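Next come the chains, spelled out residue by residue.
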Amino acid sequence: PATSKKIAVACEAKGVDFLDAPVSGGEPGAVAGALAIMVGGKKEIFDRNLDLLSTMGSSIVLCGGYGAGNITKLANNMVVAANIEIVGEALVLAKKAGLEPSIVFEAIKGGLAGSNVMNAKAPMMIAGDFKPGFRVKLHQKDLHNALLTAKELGVPLPVTSLVQQMLGALINGGKGEWDHSAIATFIEGMADTTISGE
């Protein structure tokens, strides 16, 4: 966010319009033109570029001034990371208790626990398939940026910090290129069980 603000000032000095507009939705959202776009900048610039942004996204929200798009994206990535981590914990617990993780997933996805993250990542955990969509190393970097921003603002982020450390351990274990759903493997290692397989 701080870098976006600096770039915005430099652009304005040259008479160039600027918006920070990070996205969420992954490769499927990009291909479908259905990304969630979180925008920071001036409303008049946002309004002039809304048609362009609409070709890429189905949810385009002006979140505030310069840097607000990036703050919103950090918030998004924090929620995604914590959601993936707790889905991993839940499925490891179910497996260790002798339940079938796929059945537990089916049972809970329609209730309050259900989420887009669960729907996308639980099947990967259940299959033991961590082919990357969004990589561990990138999510670790994003959480690091969230923690730096939080430090500047004096905001404690205990859960974000914990998950960021888990991602760091996965990178140290050679899983940095794996999908971020591999957070589940950290929990599997501590519980000496795997969600997938017998």
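Look up: the structure comes first, before these words.
Note that the structure is predicted; figures quoted are calculated from it, not measured.

Let us look at the packing of helix 4 (residues 68-96) against helix 9 (residues 183-191). One way to put it is that helix 4 packs onto helix 9 with a least axis distance of 8 Å and a crossing angle of 35°. Considering how the two elements wind past one another, helix 4 and helix 9 form a crossing that is right-handed. Contact residues: helix 4 offers A81, I84, E85, G88, E89, V92 and K96, while helix 9 offers I183, A184, I187, E188 and A191. Here the contact of helix 4 with helix 9 is built from residues that sort into seven nonpolar, one polar and four charged.

Turning our attention to the pattern of salt bridges. Evaluation of the coordinates by the stated rule reveals eight salt bridges. Here K42 ties to E12 by a salt bridge, and the two come within 2.8 Å at their closest N and O atoms. Of this pair, K42 sits in the loop between strand 2 (35-40) and helix 3 (43-54) while E12 is found in helix 1 (residues 2-13), placing the two residues 30 residues apart along the sequence. A residue is classified by how much of its surface remains accessible, and K42, at 36% relative accessible area, is partly exposed. Residue classification places E12 among the partly exposed positions, given a relative accessible area of 37%. Via salt bridges that share partners, R135, K137 and E177 belong to a single interconnected network.

A few words on helix 7 (residues 136-153). Compared with an ideal rise of 1.5 Å per residue, which puts 18 residues at 26 Å, helix 7 spans 26 Å between its outermost C-alpha atoms and is within 8% of the ideal. Looking only at helix 7, the buried set comprises V136, H139, D142, L143, A146, T149 and A150. Projected down its long axis, helix 7 carries its buried residues within an arc of 150°, all on one side. Residues K151 and E152 are exposed on helix 7 and point more than 90 degrees away from its buried face. One or two positions beyond helix 7, positive phi appears at G154, with a value near 70°.

About the thresholds
Residues numbered from 1 in each chain as written. Predicted model: local features only at pLDDT ≥ 70, side-chain atom pairs only at ≥ 80, totals over all residues. Heavy atoms only, no water. Axes fitted to C-alpha atoms, helices over the stretch in contact; angles between N-to-C directions. Helix = DSSP H or I, 4+ residues; strand = E, 2+ residues; numbered from the N terminus. Left-handed = near helix turned anticlockwise from the far one by under 90°. Contact = heavy atoms within 4.5 Å. Nonpolar A, V, L, I, M, F, W, Y, C, P; charged D, E, K, R; others polar. Salt bridge = Lys/Arg side-chain N within 4 Å of Asp/Glu carboxyl O. Buried < 20%, exposed > 50% of the residue type's maximum accessible area, 1.4 Å probe, protein only. Expected span 1.5 Å × (residues − 1). Arc of directions from axis to C-beta.

Bear in mind that shape data such as this cannot, by itself, settle questions of function.
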